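# Breakdown of the fold
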Amino acid sequence: MMDNSGRLYSQVAAEAGVTADKAMVACYLLNLSRQGKSLDEAVALLRQSRAAARDYARDWGITFSDYRASAQPIALIWRKEKRGRWALEVGGAPIAEAESDGAGGYRARIAGQTHWQAGGSSASVSIRRLSVEMERRSVAILGVDDVVISIVATDGAEERLAPKAAENTAVLRKALASA
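One structure accompanies this document, and this report is about it. Everything quoted here is computed from the prediction, not taken from an experiment. (Residues numbered from 1 in each chain as written. Predicted model: local features only at pLDDT ≥ 70, side-chain atom pairs only at ≥ 80, totals over all residues. Heavy atoms only, no water.)

### Describing the nonpolar core
Judged by nonpolar contacts, the single largest core of 25 residues is most densely connected at V12, L29, W60, I62, F64 and L176. For this core, the secondary-structure elements that each account for two or more residues are α1 (9-16), α2 (20-34), α3 (39-46), α4 (50-60) and α7 (169-177). The element best represented in this core is α2, accounting for seven residues. Contact partners of L29, with chain neighbours within four places excluded, come to A42, L46, A53, Y56, I62 and F64. Of all hydrophobic cores here, the second largest spans 21 residues; its members include Y106, I127, M134 and V147. (Core = buried A, V, L, I, M, F, W, Y, C linked by side-chain atoms within 4.5 Å. Buried < 20%, exposed > 50% of the residue type's maximum accessible area, 1.4 Å probe, protein only. Helix = DSSP H or I, 4+ residues; strand = E, 2+ residues; numbered from the N terminus. Contact = heavy atoms within 4.5 Å.)

Structure follows, in structure tokens:
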């Protein structure tokens, strides 16, 4: 049974600017955290994917025994090595690459893996697809819970690919803090 301090999910939703369903999930996760449950236990109880529950925890500032919302994520950046080839490195070691397939498309894959790959009509499409999948499955692929994957564009600007950043985390966290 969930303990609620008297505020309705709709009140949290209105303050945070989200749907009542999103506020309800955040409140449930917060209450499970307060009860000492781990993120994995919360995932099982709410029947959510770990990636979805982690996104809620990160955006709403909910900390579990096995997940710290305030922890600094590992930053991974795609860089263009040469024409038709991109690389994603950690500490100088390549962990993923994207190359032209010679037929007008691109194929992005995790280095040394055949089952973790994504294709697309351009480098940015295949890189974005693989990056989203890598972030969702970061524990299985990289052994870490939180990563932020970006790409350096040709003009030098950095664009965040995954995870999609909540624009109003301060508002979300403030609304939930009073729940």
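### Observations concerning the pattern of salt bridges
Taken as a whole and judged by the stated rule, the model has 17 salt bridges. In this structure, the salt-bridge partner of D40 is R50, at a minimum N-O distance of 2.4 Å. Note that D40 is positioned in helix α3 and R50 in helix α4, a separation of ten residues in sequence. For R50, a relative accessible area of 23% translates into the label partly exposed. The partner of E133 in a salt bridge is R136, and the shortest N-O contact between them spans 3.2 Å. (Salt bridge = Lys/Arg side-chain N within 4 Å of Asp/Glu carboxyl O.)

### Thoughts on the layout of surface pockets
Considered as a void within the structure, the largest pocket measures approximately 530 Å³ in volume. Surrounding the largest pocket, 22 residues form its lining, K22, D55, D59, K164 and A166 being those nearest its centre. Those elements that provide at least two residues to the lining of the largest pocket are α4, α5 (123-136) and β7 (158-162). Here the element with the most residues in the lining of the largest pocket is α4; it accounts for seven residues. A per-class count over the lining of the largest pocket returns twelve nonpolar, three polar and seven charged. Each pocket or cavity is described by its volume, and for the second largest pocket that value is around 180 Å³. If you go around the second largest pocket, you meet 13 residues; those closest to its centre are W86, A123, S124, I151 and A153. Every element with two or more residues in the lining of the second largest pocket is listed here: α5 and β7. (1 Å grid on protein atoms, 1.4 Å probe; cavity = no way out; pocket = protein on both sides within 12 Å on 5 of 7 lines; lining within 4 Å. Points joined across faces, edges and corners; volume = space filled by probe spheres on them. Nonpolar A, V, L, I, M, F, W, Y, C, P; charged D, E, K, R; others polar.)

### Brief notes about the sheet that holds strand β2 (residues 85-90)
What the seven strands build is an open sheet, ordered β5-β4-β3-β2-β1-β6-β7; its pairing is mixed. Both edges of this open sheet fall to β5 (117-120) and β7, since each of them pairs with a single strand only. On average, each strand axis in the sheet is tilted by 25 degrees relative to the strand beside it, whichever way the strands run. Bridge count between β2 and strand β3 (residues 93-100): six bridges; the pairing is antiparallel. Opposite E89, over in β3, you have P94 as the bridge partner. (Pairing = 2+ DSSP bridges. Axes fitted to C-alpha atoms, helices over the stretch in contact; angles between N-to-C directions.)

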